[in-house]
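Spelled out from the first residue to the last, the chains are:
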Amino acid sequence: MRSIWIIAKRELQSFFDSLIAYIMLVLFLGFSGFFTWIYGADVFLVGQANLQSFFDIAFWTLFFFIPAITMRMLAEEKKTGTIELLLTKAVTDRQVVLGKFFACFILVSIALVFTLPYYITLANIGNVDHGAVWCGYLGLLLMSAAYISIGLFTSSITNNQIVAFLMALFIGLFFHIIFNVLASNMTGFMGQLFHNLSLSVHYESLKRGVIDSKDIIYFLSIIGIGIVLAEANLTKRNLSN
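Residues numbered from 1 in each chain as written. Predicted model: local features only at pLDDT ≥ 70, side-chain atom pairs only at ≥ 80, totals over all residues. Heavy atoms only, no water.

(A) Region of the structure containing the overall build of the chain. Helix and strand content of the chain: 13 helices and 0 strands. Along its sequence from the N terminus, the chain presents helices and strands in the succession α-α-α-α-α-α-α-α-α-α-α-α-α. Within the chain, the proportion of its 241 residues that are buried is 47%. For the chain, restricting intrachain contacts to residue pairs at least 6 apart in sequence, the fraction spanning at least 24 positions comes to 77%. Taken as a whole, the chain presents about 11,700 Å² of accessible surface, with 69% of it coming from carbon and sulfur. (Helix = DSSP H or I, 4+ residues; strand = E, 2+ residues; numbered from the N terminus. Buried < 20%, exposed > 50% of the residue type's maximum accessible area, 1.4 Å probe, protein only. Contact = heavy atoms within 4.5 Å. Areas by Shrake-Rupley, 256 points an atom, 1.4 Å probe, with all protein chains shown as cover.)

As structure tokens, this is what we get:
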């Protein structure tokens, strides 16, 4: 666990040293704040004390931001050759992947912590369904973790950061939209299958304030599969070398 934490701290520090963290935080808070309080179906237009507008916009902003922060995680290290240097240390492939996973997850968590004033402000001006708000945040964290694992997987199979970014978006697009569209146009077994595979369906369930074990298992399954595949790609690279 100590090795994982050391790698996570190193990667988190690199985010802030390269200004990536600051850019992401400013853009995320700018987009979410604008659409939550000012434009479109904002809090004041809806006239209800909830953060549904924030959870809706965060659902999309994180979808694009997460591939941007994961694309360099393994692809850059493979391109520069520093991955070999890292793996010669007393760390395993799994520890490397988990360390980078937690670094990205902590960065996203920091971004979400900075949105807590939205919740505090809303709680002071109306009767907020606190359970729904916290479930919404849980949904964003689980969704982010799922996309981080997908991003790490795509970053592990290429040396090109742009390719890793586009591949993560392409794979994420199926979970974000396409499976849900297919489910709405099909019936029977296939319709139910695509419905269960849709990330948006499970996210919407949490956003409404409902914690169901099948939703938690769904997100944990994507996270686990993504991490295992990323680790497998690193192991295969080591064996080929």
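The discussion continues.
(B) Representation of the nonpolar core. Membership of the largest hydrophobic core comes to 63 residues, with the highest contact counts inside it found for Phe15, Leu51, Phe54, Leu140, Leu199 and Phe219. Broken down by element, this core gets its largest block of residues, 11 residues, from helix α9 (residues 130–156). The residues contacting Phe219, other than those within four sequence positions of it, are Leu142, Met143, Ala146, Leu199, His202, Tyr203 and Leu206. (Core = buried A, V, L, I, M, F, W, Y, C linked by side-chain atoms within 4.5 Å.)

(C) Structural view of the packing of helix α7 (residues 93–113) against α9. Between α7 and α9, the shortest axis-to-axis distance is 10 Å and the interhelical angle comes to 145 degrees. Crossing geometry of α7 relative to α9 is assigned as right-handed. Two secondary-structure elements touch here, α7 through Val97, Lys100, Phe101, Cys104, Phe105, Val108, Ser109 and Leu112 and α9 through Tyr137, Leu140, Leu141, Ser144, Ala145, Ile148, Ser149 and Leu152. Per-class residue counts for the contact of α7 with α9 are 12 nonpolar, 3 polar and 1 charged. (Axes fitted to C-alpha atoms, helices over the stretch in contact; angles between N-to-C directions. Left-handed = near helix turned anticlockwise from the far one by under 90°. Nonpolar A, V, L, I, M, F, W, Y, C, P; charged D, E, K, R; others polar.)

(D) Structural view of the environment of Ser221. Its place among the elements puts Ser221 in helix α13 (residues 213–240). Along the backbone, Ser221 and Ala146 are 75 residues apart, and their C-alpha atoms lie at a distance of 8.5 Å. A distance of 2.7 Å separates a polar atom in the side chain of Ser221 from the backbone oxygen of Ile217. (Polar contact = N/O pair within 3.5 Å; in protein donor to acceptor, adjacent residues only side chain to side chain.)

(E) Geometry of the packing of helix α8 (residues 116–125) against α9. The contact between α8 and α9 brings their axes to 12 Å, and the two run at 170 degrees. It follows from the interaxial angle that α8 and α9 lie roughly antiparallel. Contacts between α8 and α9 involve Leu116, Tyr119 and Ala123 from the former and His130, Val133, Trp134 and Tyr137 from the latter. Residues that form the contact of α8 with α9 fall into these classes: 6 nonpolar, 1 polar and no charged. (Parallel < 35°, antiparallel > 145°, perpendicular 65-115°, else oblique.)

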